[in-house]
Amino acid sequence: MKKAVILISLVFSLGFATKTNAQYDVDALRFSYLTFGGTARSMAVGGAFGAPGADFSALSTNPAGIGLYKSSEIMFTPSLYISTVESNFYEEANPGISDIKYAFNFTNLGLVMAFEPKPNNESSWKNLQFAFGFNKIRDFHQRTEIEGFNPQSSLMTVYRDKANALGDLSYYDTELAFNTNLLWYDSLDNQFHVDAPYGGVNQRKSIEEWGAINEATLSFGGNYNDKIYAGVTIGIPILNYHMDSRYTEIDTKDSINMFKSLTLDEELHTTGAGVNFKLGLLFRPAEWIRFGGALHTPTFYTLHEEYSRHMASRFENSAYNAQEPAAGEFDYELTTPLRAFGDVAFFIGKRGMITAQYEYVDYANARLSEETGLPSESQYYDFKDDNEAITAKYTSTHNIKVGGELNLAPLQLRAGYALYSSPYANNINDGERTYYTFGIGFKEKNYYIDVAYIIENYQEDYYLYDPRYINPSKNEYNSNRLALTFGVKW
């Protein structure tokens, strides 16, 4: 526990001294953390479809799965996504609130072309395949509501201490507070001051997020003598993330001199694309077993960010009421960690299968780069503090996915489970995710229809600002996805 407190203090000291609009170490994890998506069949078995193969989702995990295609097909997967967040902030004063968000989107669209060698060809390569399309590998849709009475501090407490520590104002936070009369300077003691340094305010934050990472895939594979399957994927993840939030503080007990309320509106929009390479192999020593693995290079992103803030204040003397905007945009680069996969599947004749996948990724290896000038400042931002925070805050994860399929031709019944370990080091947060998946399929010679239902659950502490000043909001995140895949084969 002592180590965790020290680590939290270190991490947020880095962020506290950073002159920027956000803590980019948070973005590094957000854009590096991937979940499973793609076809309904793959999602129904917990995303563990590397070894079974012959499914478009495998091209984003183990591309050797393309080598098991012996016919061509086209498929697409619409889905309905529902997320719910329940928060508890200063629990004794607030029993907790929840919010819900709906989203309709597509998790998959793809085309696979399988080619057989000519009849007189004596090559041991039985089939060659080519595929392109996309798989959704991360969904950002979420709405969060946090509210409670804080008897300890105000956001202005953090701004006061930052201004006094730096001896100056920074564009995106303390300067906004100063220009809206929430922070002022006393020339007698040469210190900045605020009205509510010890809290006593009702705090509320509404956060709405949306967007996704859709990975365009271009894949090639082959089947060597029905024993070894190989594949390679060129992945081009296309990222679109949007966040709107409103933070308010109100003197609901009318106990603070002058101050009545403050409102801080924020908007962040990040777009960009990257590139990565995936290599995979599968080996079938016998009819009843198949195993293999895959390696993903880091994704090299180039990202563009547009951000804005608007702060407004209200006082008992309305002459001091004020509002002030701030906005900017710039480009930067993100290199995500490499990923390694191990796959195995056991087949029970034609009656079904049991499949599993292991995934390793070390989020402490994510890196931000690209020096970029900040608005209204002459210095350049080199991400040094953020990269140090990434190393301190994050750790390696071991993700396990297991699933099974029972073939009752023409129907198939499926179920799965996935456990994603926490990406946070030294237990400074939770973040462990569990998935329960179910599905049913209907398959004929030239077409198929698959349905999947996915339940996701995890918990994380969310800090409205620097945790040295405030208790966390205990947030529980739940999501449900219904996916439907239509496919045609020839």
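Think of each chain on its own: its residues are numbered from 1, step by step along the sequence as written. For a predicted model such as this one, the threshold for reporting local features is a pLDDT of at least 70, and the threshold for listing and counting side-chain atom pairs is 80 or more; totals across whole chains, interfaces and linings nevertheless cover every residue. With hydrogens and water set aside, each side-chain value is computed from the structure's full complement of heavy atoms.

Caption draft 1: Here's a closer look at the environment of Arg 160. In this structure, Arg 160 sits in helix H4 (residues 155–166). In sequence terms Arg 160 and Asn 88 are 72 residues apart; their C-alpha atoms lie 27 Å from each other. Filtering out sequence-adjacent residues up to four positions away, Arg 160 remains in contact with Leu 183, Phe 192, His 193, Val 194 and Pro 197. For helices the rule is a DSSP run of H or I covering at least 4 residues; for strands it is a run of E covering at least 2, with both sets numbered from the N terminus onward. Any two residues whose heavy atoms approach within 4.5 Å are treated as being in contact.

Caption draft 2: A look at the nonpolar core. In plain words, nonpolar cores are sets of buried Ala, Val, Leu, Ile, Met, Phe, Trp, Tyr and Cys residues tied together by side-chain atoms within 4.5 Å. Between buried and exposed lies partly exposed: a residue is buried under 20% and exposed over 50% of the maximum accessible area for its type, with that area taken using a 1.4 Å probe on protein chains only. Residues Phe 31, Met 156, Leu 182, Met 311, Tyr 332, Leu 368 and Tyr 465 are the most contacted members of the largest nonpolar core, which totals 69 residues. Sequence-distant contacts of Leu 182, that is, excluding residues within four places in its chain, are made with Met 156, Ala 177, His 193, Val 194, Phe 259, Leu 262, Met 311, Ser 313 and Phe 315.

Caption draft 3: Examining helix H2 (residues 24–32) more closely. The element H2 is largely enclosed, with a buried count of eight among its nine residues. Every buried residue of H2 is accounted for by Tyr 24, Asp 25, Asp 27, Ala 28, Leu 29, Arg 30, Phe 31 and Ser 32.

Caption draft 4: Spatial organisation of the pairing of strand S21 (residues 447–462). In this description, strands pair whenever DSSP reports at least two bridges between them. As judged from the 10 bridges shared by strand S20 (residues 433–443) and S21, these two strands associate in the antiparallel manner. What sits directly across from Lys 443, in S21, is Tyr 448. Where S20 hands over to S21, the hairpin turn is made up of three residues, counted between the paired strands. In this structure, S21 lies alongside strand S22 (residues 473–489), joined through 16 bridges in antiparallel fashion. The residue of S22 that forms the bridge with Tyr 453 is Leu 482.

Caption draft 5: Structural context of the packing of H2 against helix H6 (residues 384–393). Taken N-terminus to C-terminus, the directions of H2 and H6 make an angle of 60°; their axes are 8 Å apart at the nearest point. As summarised for this structure, H2 and H6 are arranged oblique, according to the angle between their axes. Read as a crossing pair, H2 and H6 show a hand that is right-handed. Across from Tyr 24, Asp 25, Val 26 and Ala 28 in H2, the residues of H6 making contact are Asp 386, Ala 389, Ile 390 and Lys 393. In this classification, the charged set is Asp, Glu, Lys and Arg, the nonpolar set is Ala, Val, Leu, Ile, Met, Phe, Trp, Tyr, Cys and Pro, and all remaining amino acids, among them Gly, are polar. Across the contact of H2 with H6, the residue classes tally to five nonpolar, no polar and three charged. All axes here are fitted lines through C-alpha atoms, helices being fitted over the stretch that makes contact, and every angle between N-to-C directions spans 0 to 180 degrees. Here the word oblique covers every angle except those under 35 degrees (roughly parallel), over 145 (roughly antiparallel) and from 65 to 115 (roughly perpendicular). In a left-handed crossing the near helix is turned counterclockwise from the far helix by less than a right angle, and in a right-handed crossing that turn is clockwise.

Caption draft 6: Representation of the packing of aromatic side chains in the model. The rule is short: rings of Phe, Tyr and Trp, with Trp giving its six-membered ring, pair when the centres are within 6.5 Å, and they are stacked under 30 degrees, edge-to-face over 60, tilted in between. According to the stated counting rule, one finds 31 aromatic pairs in the structure shown. Both rings, one in Tyr 33 and one in Tyr 363, keep their centres 5.6 Å apart while their planes meet at 20°; by these two values the pair is stacked. Of this pair, Tyr 33 sits in the loop between H2 and helix H3 (40–44) while Tyr 363 sits in the loop between strand S14 (352–362) and strand S15 (367–369); the two residues are 330 residues apart in sequence, bridging distant segments of the chain. In this structure Tyr 363 comes out as buried when scored by relative accessible area, which is 2%. When the ring centre of Phe 149 is taken as origin, the NZ or CZ atom of Lys 253, which lies over that ring, is 4.1 Å away. To sit over a ring, a charge needs its Lys NZ or Arg CZ within 6 Å of the ring centre and within 35 degrees of the ring normal. When the ring centre of Tyr 458 is taken as origin, the NZ or CZ atom of Arg 433, which lies over that ring, is 3.8 Å away.

Caption draft 7: Region of the structure containing a nonpolar patch on the surface. Each patch is built from residues lacking any salt bridge and having more than 30% relative accessible area; the joining distance is 9 Å for like charges and 5 Å for nonpolar side chains (Val, Leu, Ile, Met, Phe, Trp, Tyr). For the accessible areas, the method is Shrake-Rupley and the probe is 1.4 Å, while residue cover comes only from the protein chains on display. Salt bridge, as used here: a side-chain nitrogen of Lys or Arg that lies within 4 Å of a carboxyl oxygen of Asp or Glu. On the surface, Phe 76, Leu 80, Ile 100, Tyr 102, Phe 104, Phe 106, Leu 109, Tyr 436, Phe 438, Tyr 453, Leu 482 and Phe 486 cluster together to form a nonpolar patch covering roughly 1,100 Å² of accessible area. Elements with a contribution of two residues or more to the nonpolar patch: strand S1 (73–89), strand S2 (97–115), S20 and S22. Note that Tyr 436 resides in strand S20.

Caption draft 8: Spotlight on the pattern of salt bridges. Counting across every chain of the model gives 24 salt bridges. For the salt bridge of Asp 27 with Arg 30, the shortest nitrogen-to-oxygen distance reads 2.4 Å. In this pair, Asp 27 and Arg 30 both sit in helix H2, three residues apart, roughly one turn of the helix. Owing to a relative accessible area of 4%, Asp 27 belongs among the buried residues under this scheme. Across the salt bridge formed by Glu 359 and Arg 339, the nearest N and O atoms sit 2.9 Å from each other.

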